[in-house]
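Single-letter residue listing:
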Amino acid sequence: MDQIVLDNVSRDYRVGSTSIAAVKNASLAIRKGAFVSIVGHSGSGKTTLLSLIGGMVVPTGGRVLFNGTDITVWNSDLLSEYRCERIGFMFQSASLLPILTAKENLLLPVAFRTHRPADSGYERRAEELLRSVGLGDKIDAYPAHLSGGQQRRVAIARAFMNDPELILADEPTGDLDEETENDMMQFFSA
């Protein structure tokens, strides 16, 4: 079975009296474990497409299926649980909270989990993920003390924190030098 299916999905936005089609009649199927890149010009709807798959926006037409279930009919509570427990997001910007350390930024998604065992080892997992992206020496650093590339690597590690079934990455290596980009692509495929 395909993990993600978009069935004739569209998303329109209104700007004043004008309707803009960000995504128009998109259909695709993605198998579990597949590594897929969505490419296109700036403004072509790539971020909107990821937002549709992630349940962050509702399509104006069509269906989005996750493991055979239509998420477009879910209420906001089910969509929140889906985003928190089954999806790992990497946004175009690192989106780190400046008052939290690197480790605390990784622990933030855990706070929103519905099912969270008392002794879950999340702090240890956060530290291991930060080491995995080459930031073992920055665990207690605040975003203001990290370079743009280091902040990006914290965001990459955060996407894996809840051990999601699916990672949605919007330009995940945009702030990285070529060598670090290669390291992070290896991390994704590990």
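Above: the structure in question.
Residues numbered from 1 in each chain as written. Predicted model: local features only at pLDDT ≥ 70, side-chain atom pairs only at ≥ 80, totals over all residues. Heavy atoms only, no water.

Participant: Looking at this structure, how should I read the overall build of the protein?
Facilitator: Helix and strand content of the protein: 6 helices and 6 strands. When the helices and strands of the protein are read in sequence order from the N terminus, they spell out β-β-α-β-β-α-β-α-α-α-β-α. Taken over the C-alpha trace, the protein has a radius of gyration of 17 Å; the compact-globule value for 190 residues is 16 Å, and the two agree within 12%. Principal-axis analysis of the C-alpha atoms places the extent of the protein at approximately 50 × 40 × 35 Å. Here the protein holds 190 residues, and 43% of them are scored as buried. Considering only residue pairs separated by 6 or more positions, the protein has 64% of its internal contacts joining residues 24 or more positions apart. Carbon and sulfur atoms provide 49% of the accessible area of the protein, an area that totals close to 10600 Å². (Helix = DSSP H or I, 4+ residues; strand = E, 2+ residues; numbered from the N terminus. Rg over C-alpha atoms; globule rule 2.2 N^0.38 Å. Buried < 20%, exposed > 50% of the residue type's maximum accessible area, 1.4 Å probe, protein only. Contact = heavy atoms within 4.5 Å. Areas by Shrake-Rupley, 256 points an atom, 1.4 Å probe, with all protein chains shown as cover.)

Participant: What is the right way to read the pairing of strand β2 (residues 18–31) from this model?
Facilitator: The two faces of the sheet receive side chains in turn, since in a regular strand these alternate between them. Sheet topology places strand β1 (residues 2–15) next to β2; 10 bridges connect them, and they run antiparallel. By the bridge assignment for β2, valine 9 is matched with alanine 26. (Pairing = 2+ DSSP bridges.)

Participant: What exactly am I supposed to notice about the pairing of β1 here?
Facilitator: Counting the residues that bridge the hairpin from β1 to β2 gives 2 residues, and of these glycine 16 lies at a positive phi of roughly 65°. Alignment of β1 against strand β3 (residues 61–66), held across 5 bridges, turns out to be antiparallel. Counterpart to leucine 6 in the pairing with β3 is valine 64.

Participant: Sorry, what's going on with the nonpolar core here?
Facilitator: If you look at soluble globular proteins, the nonpolar side chains tend to sit buried side by side. Counting 26 residues, the largest nonpolar core has Leu106, Leu130, Val154, Ile156 and Phe160 as its most contacted members. Mapped by element, the contributors of at least two residues to this core are α3 (102–111), α4 (122–132), α5 (148–159) and α6 (178–189). With 5 residues, the single largest contributor to this core is α5. Those residues in contact with leucine 106 that lie beyond four places of it in its chain are Ala126, Leu129, Leu130, Val154, Ala157, Arg158 and Met161. One finds Leu6, Ile53, Val57 and Ile87 within the second-largest nonpolar core, a separate group that totals 21 residues. (Core = buried A, V, L, I, M, F, W, Y, C linked by side-chain atoms within 4.5 Å.)

Don't take any of this as a statement about function, it's just geometry.
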